[in-house]
Amino acid sequence: MTTSHGSDDAAAQIAAQQASAKRHMWLHFTRMSTFADHDVPLIVRGSGPYVFDDRGKRYLDGLSGLFVSQIGHGRREVAEAAARQGSELAYFPLWSYAHPRAIELAERLAGMAPGDLNRVFFTTSGSEAVESAWKLAKQYFKMTGEPGRYKVISRDIAYHGTSMGALAITGLPGLKAPFEPLPAGGVRVPNTNFYRAPGFVAHDLAAFGQWAADEIERAILREGPETVAAVFLEPLQNSGGCFPPPPGYFQRVREICDRYGVLLVSDEVICAFGRLGYYFGSQRYGYQPDIITFAKGVTSGYAPLGGMLVRDELMEPFSKGEASFVHGVTFAGHPVSCAVALANLDVFEKEDLLGNVRANEAAFRGTLEKLNDLPIVGDVRGDGYFYGIEMVKDKATRETFSDAESERLLRGFLSHALFEAGLVCRADDRGDPVIQLSPPLTCTQEHFDEIEQILRTVLTQAWARL
Ligand SMILES: Cc1ncc(COP(=O)(O)O)c(C=O)c1O
C-alpha cells in the first residue's frame, strides 16, 4: 500500500510539474507548440557525465548541457566553493571596486592565456563577452585617432550570441531576420567547411584554407580598411557542425589583420577550457589573438560567468587621465561565479583534464568514424572533444536534404529519438543537417562507445524512415 501510494504521489508530482512548466515556462529557441502533445523534458539531477530526468531515467550528456559542463555534473567541491563565497561576500560590483576572487581569477586566466592577454574584463555570458569585445574595439579606435573603424567581419553560419550587437556578428540569417534592423557593420565571409568547399579548392585543404583566409582580406579591402575594426572567429566553428581551421589558416588571418590594423578576436566561448585539449583554442591552432572572448566552460556551469581577455596594448589608452571603457553590467565577475571558476580550474589541474582530452581524442574520433559505414553519415569532423556529424541523402554526391526532409528528419524524428535512446546531443539544421557532440572532458572509451551505439541505432532508424 505504502509503495503504491508513494508511486501515486510521485506520478501526481510529475504531472503537476509538467502542467506548471507548460503554463509558465518560455523555453529558449523552442517551439512551445510541441508541448501541446508532448511532455517538457525535465532534467532534475546530474552526476559525472550523466543527467537524470524527473522519472529517474539516465542520459549521457553528450553536449555538456550546452558546451558547458567540462568537469561533469555533481561536483561537491565546486558547489561548496559557491556556498563558502556566498556567505563571505555574495555580491559586490566591479564598477569601481574589485573583490579577491575576481582578482585571483583574472591573474590565473592571464597566466593561462597566450601572449600578453593580461587584462580581464568580466561579463556574465558569452553574448555579453562578444558585445563587449566589439564595443571595446570601437571605443579603442575612437580614442586612438581612427574613429571610422567600426565594422566587424565574421563567417557564414557562425553563431556569436543573441544580444543585438552579438547578433549583428552572428552569421545565421534566420536568427537575425525577426530583429532587423540590427546595428550596422556586420560583414560576412566564407567559413572553413572543407566538406562543402568550392570546386576549385575542393581537393586541396591548404589551398582551401588560403582561399578562405584571403576572403577576409578581400572583405577588408571591399569595405575599406579604415572602416574595419575587428575580425571575429571561433578557433573551430561550431555552427554548421564543427569546421576545423585548415593548416595555416589562422597564421594567414593574423598576417592579414596586422597588415590592415584590424583586431583579431578569438571567440572561444565554446573552444576554451579544454574543449580542444588546451586552455584556449588559439593555443591548439598556434595563433595570437588580440582579444579572447570566453564563457561556458570557465565555470563548467556551476554558476554563470563570461568575459574577455585583452592584450596590454589595447588597455593602454584607457589607463591614462580621464579615460575609461564606458561599459559594464551589474553581475559581471560575480563573486560566487569567480569562486566557482577557481574551483573548476582546480579540478582541471588535479585531474589533468587537458591531458585526458589529448590522450583520448584520437579514440573519440576513431569511435565516431565507425559510423562512416552508415549510408546517412556524410562527414565526421572536429577536434578534441568537439565533433559534428553531417548527415546526407546521398553519400557519393554529398546531396543534402530538402527543407521538408530536414524538418521531418531532425525535428520530426532525430531530436526526440536520440533523447529517448538516452543521449543528450543536438540535431541542428542551421547549416546542413548535423549532429553535434561535445561531451564532458572526463569521458573515456566507455562513453564514446555508448555515444556510438546510440547514434548507430537511431541513425539506422532515421535512414529507414526516409
Ligand atoms: C561562439 C559563441 N559565442 C557566443 C555565444 C553566446 O554565449 P551565451 O549564450 O552565453 O550568451 C555562444 C553560445 O553558444 C557561442 O557558441
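Since the structure is predicted, the reported quantities are computational estimates derived from the model, not experimental observations.

Some remarks on the overall build of the protein chain
For the protein chain, the helix and strand inventory stands at 15 helices and 15 strands. For 466 residues, the compact-globule formula gives about 23 Å, and the C-alpha radius of gyration of the protein chain, at 23 Å, lands near that figure. Once the C-alpha set of the protein chain is aligned to its principal axes, its extents read approximately 75 × 60 × 45 Å. Looking at the 466 residues of the protein chain, the share that counts as buried comes to 47%.

Some thoughts on the site of the ligand
Close to the ligand lie 14 residues, the nearest being Ser125, Gly126, Ser127, Gly161 and Val269. Sort the elements by how many residues they give to the shell around the ligand and helix 5 (residues 126–143) lands first, with three residues. Partitioned by chemical class, the residues of the shell around the ligand number five nonpolar, seven polar and two charged.

Focus: the nonpolar core
If you look at soluble globular proteins, the nonpolar side chains tend to sit buried side by side. Residues Ala230, Val231 and Val253 are the most contacted members of the largest nonpolar core, which totals 124 residues. Both domain 1 (41–71 + 352–465) and domain 2 (76–350) contribute no fewer than three residues apiece to this core. Excluding residues within four positions of it along the chain, Val253 makes contact with Ala213, Ile216, Val231, Leu233 and Leu264.

A closer look at the packing of helix 8 (residues 205–223) against helix 9 (residues 249–260)
Relative to each other, helix 8 and helix 9 sit at 20 degrees, their axes nearing to 8 Å. Here helix 8 lies roughly parallel to helix 9, going by the angle between them. Viewed along their axes, helix 8 and helix 9 form a crossing whose handedness is right-handed. Counting all contacts with helix 8, which are made through Gly209, Gln210, Ala212, Ala213, Ile216, Glu217 and Ile220, the residues of helix 9 involved are Tyr249, Arg252, Val253, Ile256 and Tyr260. For the contact of helix 8 with helix 9, the class distribution of residues is eight nonpolar, two polar and two charged.

Looking at the domain arrangement of the protein chain
Here the protein chain is partitioned into domain 1 (41–71 + 352–465) and domain 2 (76–350). Between the C-alpha centres of domain 1 and domain 2 the distance comes to 26 Å. Top element by residues in the side of domain 1 that touches domain 2 is helix 13 (residues 353–369). It accounts for five residues. Residue classes in the side of domain 1 that touches domain 2 are distributed as 11 nonpolar, nine polar and eight charged.

Topic: helix 13
Between its first and last C-alpha atoms helix 13 spans 23 Å; for 17 residues at 1.5 Å apiece the expected length is 24 Å, and the two agree. At Asn360, helix 13 shows its maximal bend, which comes to roughly 45 degrees. Listed as buried for helix 13 are Leu353, Val357, Asn360, Phe364, Thr367 and Leu368. Against the buried residues of helix 13 lie helix 12 (335–350), strand 11 (377–383), strand 12 (386–391) and helix 15 (445–465).

Section: the packing of helix 4 (residues 100–112) against helix 12
Where helix 4 contacts helix 12, the axes come no closer than 8 Å and their chain directions differ by 40 degrees. With respect to helix 12, the element helix 4 is oriented oblique. Between helix 4 and helix 12 lies a crossing of left-handed hand. On helix 12, the residues touching Arg101, Ala102, Glu104, Leu105 and Arg108 of helix 4 are Pro335, Cys338, Ala339, Ala341, Leu342 and Leu345.

What about helix 8?
Three- or four-residue spacings in an α-helix give side chains the same orientation, since the helix completes a turn every 3.6 residues. Under the 1.5 Å per step criterion, the end-to-end length of helix 8 is 27 Å for 19 residues, consistent within 8% with the ideal 27 Å. Among all positions of helix 8, only Phe208, Gly209, Trp211, Ala212, Ala213, Ile216 and Ile220 are buried. Two residues or fewer past helix 8, Gly224 is found with a positive phi of approximately 100 degrees.

Looking at the sheet that holds strand 15 (residues 434–437)
Reading across the sheet, the four strands line up as 11-12-15-14 and stay open at both edges, with antiparallel pairing between neighbours. A single partner strand is all that each edge strand has here, and the edge strands are strand 11 and strand 14 (426–428). Across the sheet, the mean angle from the axis of one strand to that of its neighbour is 20 degrees, orientation sign disregarded.

Some details on the sheet that holds strand 10 (residues 306–311)
The seven strands lie next to each other as 4-10-9-8-7-5-6, forming an open sheet whose pairing is mixed. The open sheet has two edge strands with one neighbour each: strand 4 (117–123) and strand 6 (186–189). With direction set aside, neighbouring strand axes in the sheet form an average angle of 25 degrees. The pairing of strand 5 (residues 151–155) with strand 6 spans four bridges and is parallel. The residue bridging Val152 from the neighbouring strand is Gly186, located in strand 6. Running at roughly 145 degrees to strand 6, helix 8 makes contact with strand 5, strand 6 and strand 7 (228–233) of the sheet.

Procedures and definitions
Residues numbered from 1 in each chain as written. Predicted model: local features only at pLDDT ≥ 70, side-chain atom pairs only at ≥ 80, totals over all residues. Helix = DSSP H or I, 4+ residues; strand = E, 2+ residues; numbered from the N terminus. Rg over C-alpha atoms; globule rule 2.2 N^0.38 Å. Buried ≥ 20, exposed ≤ 12 C-beta atoms within 10 Å, placed from the backbone. Near = placed C-beta within 6 Å. Nonpolar A, V, L, I, M, F, W, Y, C, P; charged D, E, K, R; others polar. Core = buried A, V, L, I, M, F, W, Y, C linked by C-beta atoms within 7 Å. Domains from an automatic or database assignment. Contact = placed C-beta atoms within 7 Å. Axes fitted to C-alpha atoms, helices over the stretch in contact; angles between N-to-C directions. Parallel < 35°, antiparallel > 145°, perpendicular 65-115°, else oblique. Left-handed = near helix turned anticlockwise from the far one by under 90°. Expected span 1.5 Å × (residues − 1). Bend = angle between axes of the 7 residues up to and from the residue. Pairing = 2+ DSSP bridges.

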